[in-house]
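Listed below, chain by chain, are the residues.
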Amino acid sequence: VQLQASGGGLVQAGDSLRLSCAASGRTSKAYVKAWFRQAPGKEREFVASISVSSINTNYADSVKGRFTISRDNAKNMVYLQMNSLKVEDTGVYFCAADSSSRGYLSTLFADYNYFGQGTLVTVSS
């Protein structure tokens, strides 16, 4: 399974941005998908996750109400719509996939076994 994120860029605080993640491999359509981010000098942090059916989603408190994760299994894509961006949202965003059948949406980086190259999001004030 390969994952490739795109859509990052330089925006101003309050702007919106939509990230995309293209997944390869037919079986990846059956995996839980998530977005993580890493700001300069900080630890990786969970952003959002989505179940295979899209019925269940989970968000970090810091992005709840502003970010929306979605997926299109027919296209094998995952998206992250980011609205009302803040300077503290700056970082490298990368998508991840969990191939286990753990039955819940994990927020732990260690529970995901596939990761893609990130895309840089820079929010200026």
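Now for a description of the structure that goes with this document.

Reading the values: the criteria
- All residue numbers refer to positions counted from 1 along the written sequence of the respective chain.
- Totals for whole chains, interfaces and linings use all residues, but because this is a predicted model, local features are given only for residues with pLDDT of at least 70 and pairs of side-chain atoms are given and counted only at 80 or more.
- Here the side-chain values reflect all heavy atoms present in the structure, with hydrogen atoms and water set aside.
- Centre distance within 6.5 Å is the pairing criterion for rings of Phe, Tyr and Trp, where only the six-membered ring of Trp is used; planes under 30 degrees apart are then read as stacked, over 60 as edge-to-face, and the remainder as tilted.
- Secondary structure is summarised from DSSP: a helix means a run of H or I of at least four residues, a strand means a run of E of at least two, and numbering begins at the N terminus for each.
- The rule is simple: take the accessible area with a 1.4 Å probe, protein chains only, and divide by the maximum for that residue type; under 20% is buried, over 50% is exposed, in between is partly exposed.
- Throughout this description, the term charge over a ring refers to an Arg CZ or Lys NZ atom that lies within 6 Å of the ring centre and within 35 degrees of the ring normal.
- The salt bridge definition used is simple: a Lys or Arg side-chain nitrogen within 4 Å of an Asp or Glu carboxyl oxygen.
- Within 3.5 Å is the distance limit for a polar contact, defined as a pair of N or O atoms, with the added protein rule that one can donate a hydrogen and the other accept it, and that residues adjacent in sequence qualify only through two side-chain atoms.
- Any two residues having at least one pair of non-hydrogen atoms within 4.5 Å are treated as being in contact.
- When DSSP finds at least two bridges between two strands, those strands are taken to pair.
- All axes here are fitted lines through C-alpha atoms, helices being fitted over the stretch that makes contact, and every angle between N-to-C directions spans 0 to 180 degrees.

Our next topic: the packing of aromatic side chains. Within this structure, the stated rule accounts for eight aromatic pairs. Between F94 and F115 the ring centres are 6.3 Å apart and the planes differ by 65 degrees, which places this aromatic pair in the edge-to-face class. Here F94, found in strand β9 (residues 91-98), pairs with F115, found in strand β10 (residues 114-115); they are 21 residues apart in sequence, far enough to count as distant. Relative accessible area serves as the criterion here: at 33%, F115 is assigned to the partly exposed category. Here the aromatic residues F36, F46, F94, F109, Y112 and F115 are joined through ring pairs into a cluster of three or more. For R18, the ring lying beneath its charged end belongs to Y79, and the centroid distance is 4.0 Å.

Let's shift gears to the pattern of salt bridges. All chains considered together, the criterion is met by six salt bridges. D89 serves as the salt-bridge partner of R37, at 2.9 Å between the closest nitrogen and oxygen. Of this pair, R37 sits in strand β4 (residues 32-38) while D89 sits in the loop between β8 (77-82) and β9, and the two are 52 residues apart along the sequence. Judged by its relative accessible area of 5%, R37 falls in the buried class. The salt bridge partner of D111 is R102, with a shortest N-O separation of 3.7 Å. Taking the relative accessible area as the measure of exposure, R102 reaches 28% and is therefore partly exposed.

This paragraph deals with the side chain of S28. Assignment of secondary structure puts S28 in the loop between β3 (17-23) and β4. Overall, S28 belongs to the buried group, its relative accessible area being 0%. A polar side-chain atom of S28 sits 3.3 Å from the main-chain carbonyl oxygen of S24. A polar contact of 2.6 Å, which involves the side chain of S28, links it to the backbone oxygen of G25. For S28, the residues in contact, after removing those within four places along its chain, are V1, A23, K33, R71 and N76.

All right, on to the sheet that holds strand β1 (residues 3-6) then. Strands sit in the order β1-β3-β8-β7 across an open sheet of four strands; the sheet is antiparallel. Unpaired on one side and paired on the other, β1 and β7 (67-72) mark the two borders of the sheet. Strand after strand, the sheet turns through a mean of 15 degrees between neighbouring axes, direction not considered. Here six bridges tie β7 to β8, and the two strands are oriented antiparallel to one another. Bridge assignment links F67 to a residue of β8, and that residue is M82.

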